[in-house]
Protein chains: 2
Amino acid sequence: MATEGPAPVHAPSMADVAALAGVSHQTVSRVVNEHPSVLPDTRERVQAAIAALGYRRNSAARALVTRRSGVLGAITIGGTHYGPTSTLLELEDAARAAGFVVTVATLRQGDEAAVGHALERLLEIGVEGVAVVAPTTQVADVLSGLRATVPVVLVSSYTEGPRPEGVHAVAVGQRAGARLATEHLLAHGRAEVVHVAGPQDWFDARDRVAGWRDACEAAGVPARTPIGAGWDAADGYAAGRRLLDEGLPPAVFAANDQLALGLLRALSEAGVRVPDDVAVVGFDDEPGAAFYSPPLTTVRQDFAALGRAAVDSLTSVLAGGDPGDRVLTPQLVIRASSAT
Amino acid sequence: MATEGPAPVHAPSMADVAALAGVSHQTVSRVVNEHPSVLPDTRERVQAAIAALGYRRNSAARALVTRRSGVLGAITIGGTHYGPTSTLLELEDAARAAGFVVTVATLRQGDEAAVGHALERLLEIGVEGVAVVAPTTQVADVLSGLRATVPVVLVSSYTEGPRPEGVHAVAVGQRAGARLATEHLLAHGRAEVVHVAGPQDWFDARDRVAGWRDACEAAGVPARTPIGAGWDAADGYAAGRRLLDEGLPPAVFAANDQLALGLLRALSEAGVRVPDDVAVVGFDDEPGAAFYSPPLTTVRQDFAALGRAAVDSLTSVLAGGDPGDRVLTPQLVIRASSAT
DNA sequence: CCATATAGTCCTCCAAGCCCC
DNA sequence: CGGGGCTTGGAGGACTATATG
């Protein structure tokens, strides 16, 4: 009981500000919300009181009455995959521009069934919309079962199966990107392109397979069964070892840059020259890709635009519209690994 | 006015559940909050009503009355730096385990003064604590000026200058890690170690310089002025070009793996053999580091532990304790780039 | 035109009430 | 008739929206 100084006071409320400024709390509300009907003089007095007290509006009370939290949720797959990570960061940026903050819920990899819990967690804190940056089939399946009460956007290609009610999608065209990469290799005289695929429960990985196959078929070249397992450099390395055993193709299209990195390593260890003996193309254009040995030809995705598209989709549903799906165009970045 | 079907009803409230279950709203609250004093029979009836209505408690109302939001804020520097990104993901994981969700606010790089706005945004939505994963001096300076009303933890080394009131820090020992790397090189017969430094407004970069210098001084070898500019592979490449001009040292310690990657590229282009002519060590142990050419010796940080430590720090302040600062131990991972 | 009162948002805490032994 | 387990009603909490001076 013998505490020193004044008791720690609560954060100031509108009523406190109103008292200090000699107005009603309603007038304070007007000032805070930039309502026009306040005399300049009154406004200034109120603002002075706000500054003096260090008043900060209480978002809980505000959310309670407006039924709007100003929060968007993002569900993302754990791990440091370049794509999802970048998308998340850009999403946050776009959300801020639209007046929202973003609350994230990550999924431990391999635990995609936890999407349900993650979504529940987000809904419970009152998010107004959810972006799912965890583009696996399991996630989409779970989502189909859940009739969310808020708009949900899938940040990923989603070209197969029935779209769950009220779920939209935005994506960078994975299939188009893969076709771009494969066509590039074929156009430069490579008679065959082997594909090192990503995990087939990711939509992106599936679409990259599809795009590669499109290009092979269009060119009338054989499409050997893709090899691959995960997204990591170690998987790419293993794929490289296997290709060395089974016979090297003139060109390889790896489903992402990390796979390409591991592949390059395996080839280098075996004394295989890139691009002379084998041309290699990746996907993502990771920060380091231009400095691999050799610098990697790859497919760049505009994650900033993707993030903006996701937020646009959500806000437009919130505004009562139907955004439809949006597919962005990827871009081929040519470097030494595929030079002729 | 001619809408079809029933008007879209509001989300069910406790009162609705109570009415359906034939109890008072208070009893519903008890059930939801797992209070013991509810008859099993009543509890089940209430739970059935909750399920039937799809009731979800309103976090705004809850936060309003409990004065607890269950939200932690994270301020992180934009861009896809491996360290901050991983830390953020792990932080989220640890926060969930502690019963919190995490709301992120990213900073556009070079706009560190925006920490103030970011913090303001987070405080306005009522976060209970803030983790700052954007370890630059500017950020720390701004933080010093702001007397935040909630606990703040700096996820970074913070070895210089006065600690702002109420701001704690958790970090992986950058200085120790750098010393480890440098000592490793010196112990394997390299007579000099040049340092390619990161941006000196990052605490981590500064500490890595300090650790490198420690080791040089302890071994009595000259410590040439570090070169470097940013964190990116392009900066490492530029540093490599410069070293090629000025004369190659027997060993280089790069402040992160991306710098090392660019450096390796520059050396490779010039026909310099690693580790025969020059040994190289990086920092971070990025996912691809084991597959660089050659595989990179580097310093690994335990980001999961770091994330947990940050959350621990926050929750312990929230519980009225004083967590003090915590420094985790980094680990040297030896690969071919430094083999003798 | 500007400012004030009053009602309503959904929940948790507190004090009191009921019932049954 | 008193006490513990279960339940209830009412009072905020900080704000916005809708009348009302």
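Residues numbered from 1 in each chain as written. Chains lettered and ligands numbered in written order. Predicted model: local features only at pLDDT ≥ 70, side-chain atom pairs only at ≥ 80, totals over all residues. Heavy atoms only, no water.

## A few points about the overall build of chain A
Part 1 of the reasoning: From N to C terminus, chain A includes 12 helices and 11 strands.
Part 2 of the reasoning: For chain A, the spread of C-alpha atoms along the principal axes amounts to about 85 × 45 × 45 Å.
Part 3 of the reasoning: The 340 residues of chain A split such that 53% are buried.
Part 4 of the reasoning: Long-range contacts, defined here as pairs at least 24 residues apart, represent 71% of the contacts in chain A between residues at least 6 apart. (Helix = DSSP H or I, 4+ residues; strand = E, 2+ residues; numbered from the N terminus. Buried < 20%, exposed > 50% of the residue type's maximum accessible area, 1.4 Å probe, protein only. Contact = heavy atoms within 4.5 Å.)

## Things to note about the protein's contact with DNA strand C
Part 1 of the reasoning: Taken together, 26 residues form the shell around DNA strand C, and within it A:Thr42, A:Arg67, B:Met14, B:Gln26 and B:Tyr55 come nearest.
Part 2 of the reasoning: Separating a phosphate oxygen of DNA strand C from a side-chain N or O atom of B:Tyr55 is a distance of 2.4 Å.
Part 3 of the reasoning: Split by residue class, the surface near DNA strand C holds 9 nonpolar, 13 polar and 4 charged. (Near = heavy atom within 4 Å. Polar contact = N/O pair within 3.5 Å; in protein donor to acceptor, adjacent residues only side chain to side chain. Nonpolar A, V, L, I, M, F, W, Y, C, P; charged D, E, K, R; others polar.)

## Thoughts on the interface of chain B and chain A
Part 1 of the reasoning: The interface is formed by 50 residues belonging to chain B together with 50 residues belonging to chain A.
Part 2 of the reasoning: When chain B packs against chain A, the two sides together hide about 4,500 Å² of surface, and 58% of this comes from carbon and sulfur.
Part 3 of the reasoning: Considering only the side of chain B, the residues that lose the most area to chain A are B:Arg56, B:Arg265 and B:Phe291, jointly responsible for 16% of the buried surface there.
Part 4 of the reasoning: Here chain B is connected to chain A by 6 salt bridges.
Part 5 of the reasoning: Between B:Glu120 and A:Arg56 there is a salt bridge, with its nearest N and O atoms 2.9 Å apart.
Part 6 of the reasoning: Between chain B and chain A we count 15 residue pairs in polar contact (both at pLDDT 80 or more) in total.
Part 7 of the reasoning: Those elements that provide at least two residues to the side of chain B that touches chain A are helix H4 (59–66), helix H5 (82–97), strand E2 (101–107), helix H6 (115–124), helix H10 (233–246) and helix H11 (257–269) of chain B.
Part 8 of the reasoning: The residue makeup of the side of chain B that touches chain A, split by class, is 22 nonpolar, 16 polar and 12 charged. (Buried area = accessible area lost by both parts, 1.4 Å probe. Salt bridge = Lys/Arg side-chain N within 4 Å of Asp/Glu carboxyl O.)

## As for the protein's contact with DNA strand D
Part 1 of the reasoning: Around DNA strand D, the surrounding shell holds 27 residues, and the nearest of these are A:Met14, A:Gln26, A:Tyr55, B:Arg30 and B:Thr42.
Part 2 of the reasoning: Sugar and phosphate atoms form 63% of the subset of DNA strand D atoms that lie within 4 Å of the protein.
Part 3 of the reasoning: In this structure, A:Asn58 approaches DNA strand D through a main-chain N or O atom, which is 3.1 Å from a phosphate oxygen.
Part 4 of the reasoning: A:Arg62 is positioned such that a nitrogen or oxygen atom in its side chain is 2.8 Å from a phosphate oxygen of DNA strand D.

## A look at the packing of H10(B) against H11(B)
Residue and element names in this part refer to chain B.
Part 1 of the reasoning: Interhelical geometry of H10 versus H11 gives an angle of 40° and a closest axis separation of 6 Å. When the axis of H10 is compared with that of H11, the two are oblique. The handedness of the crossing between H10 and H11 is right-handed. For the pair H10 and H11, contact is made by Ala233, Asp235, Gly236, Tyr237, Gly240, Arg241, Leu243 and Leu244 and by Gln258, Leu259, Leu261, Gly262, Leu263, Arg265, Ala266, Leu267 and Glu269, respectively.
Part 2 of the reasoning: When grouped by side-chain class, the residues that make up the contact of H10 with H11 number 9 nonpolar, 4 polar and 4 charged. (Axes fitted to C-alpha atoms, helices over the stretch in contact; angles between N-to-C directions. Parallel < 35°, antiparallel > 145°, perpendicular 65-115°, else oblique. Left-handed = near helix turned anticlockwise from the far one by under 90°.)

## A look at the relation of the copies chain B and chain A
Part 1 of the reasoning: Of the two same-sequence chains, chain B is brought onto chain A (RMSD 0.1 Å, axial shift 0.1 Å) by a rotation of 180°. On the angle and the small slide along the axis, the relation comes out as a two-fold axis.
Part 2 of the reasoning: When the interface residues of chain B are mapped onto chain A, 100% of them again fall at the interface, so both copies present the same face. (Least-squares fit on C-alpha atoms with pLDDT ≥ 70 in both.)

## Digging into the packing of aromatic side chains
Residue and element names in this part refer to chain B.
Part 1 of the reasoning: Throughout the structure, instances matching the rule amount to 8 aromatic pairs over all chains.
Part 2 of the reasoning: Both rings, one in Trp202 and one in Trp231, keep their centres 5.5 Å apart while their planes meet at 85°; by these two values the pair is edge-to-face. Of this pair, Trp202 sits in the loop between strand E6 (194–196) and helix H9 (203–219) while Trp231 sits in the loop between H9 and H10, placing them 29 residues apart in sequence.
Part 3 of the reasoning: For Trp202, a relative accessible area of 4% gives the class buried. (Phe/Tyr/Trp six-rings, centres within 6.5 Å; stacked < 30°, edge-to-face > 60°.)

## Examining helix H8 (residues 174–187) of chain A
Part 1 of the reasoning: Between its first and last C-alpha, H8(A) extends 20 Å over 14 residues, near the 20 Å set by a 1.5 Å rise per residue.
Part 2 of the reasoning: Looking at the packing, one finds that the buried side of H8(A) touches strand E5 (167–172), helix H9 (203–219), strand E7 (251–254), strand E8 (279–281), strand E9 (298–300) and strand E11 (331–333) of chain A. (Expected span 1.5 Å × (residues − 1).)

## A short note on the UniProt feature "domain: HTH lacI-type" (unreviewed entry) in chain A
Part 1 of the reasoning: UniProt marks residues 12–66 of chain A with the feature "domain: HTH lacI-type" (unreviewed entry), using the numbering shown here.
Part 2 of the reasoning: Along residues 12–66 of chain A the backbone is 69% helical and 0% strand, and the end-to-end C-alpha distance reaches 21 Å. (UniProt positions renumbered as here; feature names shortened; annotations may be inferred.)

## Description of the sheet that holds strand E4 (residues 152–155) of chain B
Part 1 of the reasoning: Strand order in the open sheet formed by 12 strands is E10(A)-E5(A)-E4(A)-E3(A)-E1(A)-E2(A)-E2(B)-E1(B)-E3(B)-E4(B)-E5(B)-E10(B), and the pairing between neighbours is mixed. With one partner strand each, in any of the chains shown, strand E10 (326–328) of chain A together with strand E10 (326–328) of chain B form the two edges of the open sheet. Shown here is a sheet whose adjacent strand axes are inclined to one another by a mean of 25°, direction ignored.
Part 2 of the reasoning: The sheet contact formed by strand E5 (residues 167–172) of chain B and E10(B) spans 3 bridges and is parallel. Looking across to E10(B), one finds that B:Val172 is bridged to B:Leu328. (Pairing = 2+ DSSP bridges.)

## Some remarks on the sheet that holds strand E6 (residues 194–196) of chain A
Residue and element names in this part refer to chain A.
Part 1 of the reasoning: Strand order in the open sheet formed by 3 strands is E6-E7-E8, and the pairing between neighbours is parallel. What marks the edges here is a single partner per strand, and that holds for E6 and E8. Neighbour-to-neighbour, the strand axes of this sheet turn through a mean angle of 20°, independent of strand direction.
Part 2 of the reasoning: Bridge count for E6 against E7 is 3 bridges, and the pairing is parallel. Looking at E7, one finds that Val194 is bridged to Val252.
Part 3 of the reasoning: Against the sheet, H9 touches E6 and E7, its axis set at about 175° to E6.
Part 4 of the reasoning: Along the sheet, helix H11 (residues 257–269) contacts E6, E7 and E8; its crossing angle with E8, the most-contacted strand, is approximately 160°.

## Here's the deal with the nonpolar core
Part 1 of the reasoning: The biggest cluster of nonpolar side chains holds 98 residues, and the ones touching the most others in it are A:Val130, A:Val280, B:Val130 and B:Val280.
Part 2 of the reasoning: Among the nonpolar cores identified, the runner-up in size contains 43 residues, and A:Leu72, A:Tyr82, A:Leu88 and B:Leu91 belong to it. (Core = buried A, V, L, I, M, F, W, Y, C linked by side-chain atoms within 4.5 Å.)

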